[in-house]
Amino acid sequence: YADAVQRMYPQRQGNPDYTSVIHAAHASRLLALLTQAEQQGAQVIRWSDGQQAAPQSRMGDGISRQLAPALVLGVTPAMQLMQEEIFGPLLPVLQYDDREAAIAAINQGEVPLAFYWFGADKKQGLDAAQRVRAAGLCLNDCLLQFVHDGLPFGGWGSSGWGAIHGETGFMRFSHAKPVLCQAGWSMSGWVYPPYGKRFDRLMRLLERWMQRE
């Protein structure tokens, strides 16, 4: 984890390639989530480059909101970190003994907006994609299912409603107005009153046809 972060961001603070949390209030909220998790027994693994902010940076007070990415191990459902949207560089980690237990845990909760699977066995990944209840899935990468304009993107259940992108988005945000034009000759008159033997025969024919279907 630390090696990967160090490779991508040799310096964090003042680095214009590393984003800042949007404002101070949200940064404080994220730090409070970490503090509460630690107080309730979670292990927080933080990364810090140990360097001062680059003096030439033009990020202004955004530098102070460049929070270090953190892994949070040993989380529990009671922690606020596991009850709210995070929107920050905090990654709670839940550990399971096998893949089946992980899939079952996901499917027992609310439908997530995205499911990401990483692994060398593509067959296992496609199997998980078929069995996990999620609004969208991406194998061996993150977010690409959102930026691909040929794939619908949207939530399901508590993660949202509807979808955007391409034809799916056009149809979702459009209202199709149905128009039916009756032909000059139509069988619909056979079901108009007054009812009699012809109507009864027609109903029996329809009943037999529906039973065959």
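Residues numbered from 1 in each chain as written. Predicted model: local features only at pLDDT ≥ 70, side-chain atom pairs only at ≥ 80, totals over all residues. Heavy atoms only, no water.

A surface patch of nonpolar side chains, about 970 Å² in accessible area, is lined by Trp185, Met187, Trp190, Val191, Tyr192, Met203, Leu206, Trp209 and Met210. Tracing the chain through its elements places Tyr192 in the loop between helix H6 (166-172) and helix H7 (197-212). (Patch = residues over 30% accessible without salt bridge, like charges linked within 9 Å, V, L, I, M, F, W, Y side chains within 5 Å. Areas by Shrake-Rupley, 256 points an atom, 1.4 Å probe, with all protein chains shown as cover. Salt bridge = Lys/Arg side-chain N within 4 Å of Asp/Glu carboxyl O. Helix = DSSP H or I, 4+ residues; strand = E, 2+ residues; numbered from the N terminus.)

Right, let's get into the nonpolar core. Among the nonpolar cores identified, the biggest contains 16 residues, and Leu30, Leu34, Val72, Leu81 and Leu90 are the most heavily contacted of them. Only helix H2 (24-39) and strand S2 (70-73) provide two or more residues apiece to this core. Residues within four places of Leu81 in sequence aside, it is in contact with Leu33, Gln36, Val72, Val75, Ile86, Leu90 and Pro92. Ranked by size, the runner-up nonpolar core spans 6 residues in total, among them Ile103, Phe115, Trp117 and Ala128. (Core = buried A, V, L, I, M, F, W, Y, C linked by side-chain atoms within 4.5 Å. Buried < 20%, exposed > 50% of the residue type's maximum accessible area, 1.4 Å probe, protein only. Contact = heavy atoms within 4.5 Å.)

Summarising the element assignment, Asn15 is placed in the loop between helix H1 (2-8) and H2. Only 2.9 Å separates the side chain of Asn15 from the backbone nitrogen of Asp17, close enough to count as a polar contact. Contact partners of Asn15, with chain neighbours within four places excluded, come to Tyr9, Met59 and Gln66. (Polar contact = N/O pair within 3.5 Å; in protein donor to acceptor, adjacent residues only side chain to side chain.)

To continue, consider the environment of Gln39. Tracing the chain through its elements places Gln39 in helix H2. Since its relative accessible area comes to 66%, Gln39 is described here as exposed. Counting along the chain gives 40 residues from Gln39 to Met79, while the straight-line C-alpha distance between them is 9.8 Å.

Interpretation in functional terms is not warranted from these geometric data alone.
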